[in-house]
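# Commentary on secondary and tertiary structure
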Amino acid sequence: SRLTQRRIHEFNSQEIGNMAWAYATLKYRDDDFFDSLAKAATPLLPHFVAQNLANTLWAFASVGRKNDAALFYAVAKQAQGIPDAFKPQEIANMLWAFATAGAEPPKQLLNAFVETSANRLDTFADQGLSNLIWALSAMGVAHRYAPFCAQIAQVLTIRVKHLQPQALSNVVWAFANAELRADDLFYVIALEIAGIDPDHYVATNHSNLKQNQRQRFVSARAAQLNHQECSNVAWAYAKNGFDQVPELYDALATAILARSGSHQKGDTNLSEANSWTSQELANLAWAYACADHVDWALLRFLWSSIVARAQAFHNKIISNNYELTEPSEINDEILCRNWGFNMEELRQLHQVVLHIRYEACGGHAALLSDIARSPPAFLAQLKAAYRDVDPIQSRSQRSVARQLKQLGLRVTEEHLTPEGLSVDIAILPTSRRLGVEFDGPWHFFSNMPEEATGRTRFKMRLLRATGWTVLHIPYYEWTNLKDDEAKRDHLRNSLRALIQNRKQELSSTLSEQTSSATKPSHQRSMKISSSLDDNNEEDDLDRRDAYSSLRVSELRQLCEARGIDKVVRRSDGDARTVLERRLREHAAATSLDSEEDDFGL
């Protein structure tokens, strides 16, 4: 390479392009060499043919170069004049290079590549199509070309059996990252990974199956996926809210547990935990929680791996004499330094904890115990990270709050619940847990603007599971209301209907709970009930804090005092979680009885 550097000015355009490709293929990463190569290539670009241009960019991106903006811009400018001269693989390589290097080609070149590719997508190789959709998504421009992406999905749908594991992972990640629905493609890929013949598949409602009734889908295709690919696939399906083939999650879980051991007792060791990256662990745990696909064995394995990794990283920092910072002073750098997870990953894990505690079939005693034994400082970091988000209040959200005030309601915006969730607009007193969420365009799919994403639906479920009754106002409904009076009428009628529906649901649930409950008879239970009922202040006090301070025996007494079933069967889940949920539902129903009158609705 030193000899080549000294004589690089003697090479012509073809030789420079070939040399760049060769060194990158050999994974030769020498900054001085590639600096010389960039300097020599730039003045010769007018003489480069399409293949040389594509090979040069591919080479620089492949060796991890990030500071060659001038070269990438010059190549793009040259390519703009000859877009039809590029072969399909060269187009895919060019766009892949831009995305990998963190650059975005000029809009003119991007438009030209999309236009020329649209007419010959069937000539692209499988890997080329995978790289193409991945690049558009990674550059954040796929939504601009939604019809073109739909064409790619259509071609890939009939090629799924021939796609390599990485291609399968990249394709579903790309569509989910761009928030583009591609249901036909996701369906056949899910069946392919789960090892199910499409001609004989009958969908099963997994929500009605208990853990011991589910099958472990052993799939050779799922076993081919590496850690990152498993994580990306699960994350993509959860984010897209695609639930037509729940066996996909079973197949992934089986493959993950098989390569890691059974881990029924949550006893992951550090070496196993370190075989996963923090992003892979966080994405996997979040995916199963977001999809509401409860697999206790997998979740215990993931949680024990997460804690083992975080604790090891934390101990390493302590041994290096770093001082820990209070949760109120958390920033991204400190989070990474102290626990090995970045801010977004910690937020995902906090949602996982909430899902397990409040939503996942009453909770799982062993997993809840695992979480309870986790380092308190780590759990505090999860909650603090989720709450440490700068709120973005749109003009429309402020308009909703203003109209609610015009109805005579007292509201607080960007309310943070005791569990760490945010509510756009909470109606006071917040102890009643009635709120309004304004769902802007980013809550919906780019190509299906009235369909909420899996991430949005997950937050809806968590708010509901933690006792909130929330009115969701989609942006497309709000913008169609012609004036302020129409907006107030819409809010009034929607809130009234929401409260009525919620009351009916809670009434039905409570009637089941109280059918076998006994009348209150213990003085102690009445005392507990009285102490909670006296908490009527119109502030941010939350009854769940009081419930959490009680022992399970006291929760049973309180249920008895209020005529609620105090018996928790093994199949119901964790006793504390179930009893707290019953008390919350009873409190919500009691509060909603007078809600309409109190709010003037």
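Residues numbered from 1 in each chain as written. Predicted model: local features only at pLDDT ≥ 70, side-chain atom pairs only at ≥ 80, totals over all residues. Heavy atoms only, no water.

The next point concerns the overall build of the protein. Counting its regular elements, the protein contains 30 helices and four strands. Relative to its full complement of 601 residues, the protein shows a buried share of 54%. Once local pairs closer than 6 in sequence are excluded, the contacts in the protein between residues at least 24 apart make up 75%. About 27200 Å² of surface is accessible on the protein, with carbon and sulfur atoms providing 48% of the total. (Helix = DSSP H or I, 4+ residues; strand = E, 2+ residues; numbered from the N terminus. Buried < 20%, exposed > 50% of the residue type's maximum accessible area, 1.4 Å probe, protein only. Contact = heavy atoms within 4.5 Å. Areas by Shrake-Rupley, 256 points an atom, 1.4 Å probe, with all protein chains shown as cover.)

Right, let's talk about the environment of arginine 410 for a bit. Structurally, the position occupied by arginine 410 is in the loop between α22 (395-406) and β1 (411-416). Through-space distance from the C-alpha of arginine 410 to that of isoleucine 427 is 6.0 Å; in sequence the pair is 17 residues apart.

Right, let's talk about the sheet that holds strand β3 (residues 434-439) for a bit. Spatially, β1-β2-β3-β4 is the arrangement adopted by the four strands of the open sheet, whose pairing is mixed. Each edge of the open sheet is held by one strand with a lone partner, namely β1 and β4 (469-474). Between one strand and the next, the sheet's axes are offset by a mean angle of 35°, whatever the strand orientation. Both β1 and strand β2 (residues 422-427) contribute to a ladder of five bridges, which runs antiparallel. Residue histidine 415 lies in a different strand from β2, and its bridge partner there is valine 423. (Pairing = 2+ DSSP bridges. Axes fitted to C-alpha atoms, helices over the stretch in contact; angles between N-to-C directions.)

To continue, consider the side chain of serine 231. Tracing the backbone shows serine 231 in helix α13 (residues 227-239). Apart from the residues within four sequence positions on either side, serine 231 is in contact with Gln279, Glu280, Asn283 and Leu284.

Right, let's get into the pattern of salt bridges. What the rule picks out here adds up to 21 salt bridges. Among the salt bridges present, the one from aspartate 126 reaches arginine 159, with a minimum N-O distance of 2.9 Å. Of this pair, aspartate 126 sits in helix α8 (residues 126-138) while arginine 159 sits in the loop between α9 (146-157) and α10 (165-177), and the two are 33 residues apart along the sequence. The class for arginine 159 is buried, based on a relative accessible area of 13%. Between arginine 300 and aspartate 370 there is a salt bridge; the shortest N-O distance is 2.7 Å. Taken together, the positions of arginine 300 in helix α17 (residues 296-319) and aspartate 370 in helix α20 (residues 365-372) put the pair 70 residues apart, joining distant regions of the chain. Comparing arginine 300 with aspartate 370 shows no difference in burial state: the two are buried. (Salt bridge = Lys/Arg side-chain N within 4 Å of Asp/Glu carboxyl O.)

The subject of this paragraph is the packing of aromatic side chains. According to the stated counting rule, one finds 21 aromatic pairs in the structure shown. Seen from their ring centres, tyrosine 23 and phenylalanine 33 are 4.3 Å apart, and the 40° between their planes marks the pair as tilted. Placement of tyrosine 23 in helix α2 (residues 13-25) and of phenylalanine 33 in helix α3 (residues 31-41) is noted, with a sequence separation of 10 residues between them. Residue classification places tyrosine 23 among the buried residues on the basis of a relative accessible area of 17%. Ring geometry for phenylalanine 186 and tyrosine 237: centres 4.7 Å apart, planes at 50°, overall tilted. In this pair, phenylalanine 186 sits in helix α11 (residues 183-194) while tyrosine 237 sits in helix α13, placing the two residues 51 residues apart along the sequence. Tyrosine 237 matches phenylalanine 186 in its accessibility class, with the two residues each being buried. Three or more aromatic residues joined by ring pairs make a cluster, and in this case those are Tyr23, Tyr28, Phe33, Phe34 and Phe60. Above the face of the phenylalanine 445 ring, arginine 181 is positioned so that its terminal group lies 5.0 Å from the ring centre. (Phe/Tyr/Trp six-rings, centres within 6.5 Å; stacked < 30°, edge-to-face > 60°. Lys NZ or Arg CZ within 6 Å of the ring centre and 35° of its normal.)

Once that is clear, we can look at the nonpolar core. Counting 149 residues, the largest nonpolar core has Phe175, Tyr237, Trp303 and Phe378 as the members making the most contacts within it. The element contributing the most residues to this core is α17, with 10 residues. Sequence-distant contacts of phenylalanine 378, defined by excluding residues within four places in its chain, comprise Trp303, Ile306, Val307, Ala310, Trp339, Phe341, Leu346 and Leu349. One finds Leu404, Leu409, Ala452 and Trp478 within the second-largest nonpolar core, a separate group that totals 23 residues. (Core = buried A, V, L, I, M, F, W, Y, C linked by side-chain atoms within 4.5 Å.)

For the pair helix α6 (residues 88-100) and α8, interaxial distance at closest approach is 8 Å and the crossing angle is 35°. For the pair α6 and α8, the sense of crossing is left-handed. Across from Gln89, Ile91, Ala92, Asn93, Leu95, Trp96, Ala99 and Thr100 in α6, the residues of α8 making contact are Gly128, Asn131, Leu132, Trp134, Ala135 and Ala138. Looking at the contact of α6 with α8 residue by residue, the class counts come to nine nonpolar, five polar and no charged. (Left-handed = near helix turned anticlockwise from the far one by under 90°. Nonpolar A, V, L, I, M, F, W, Y, C, P; charged D, E, K, R; others polar.)

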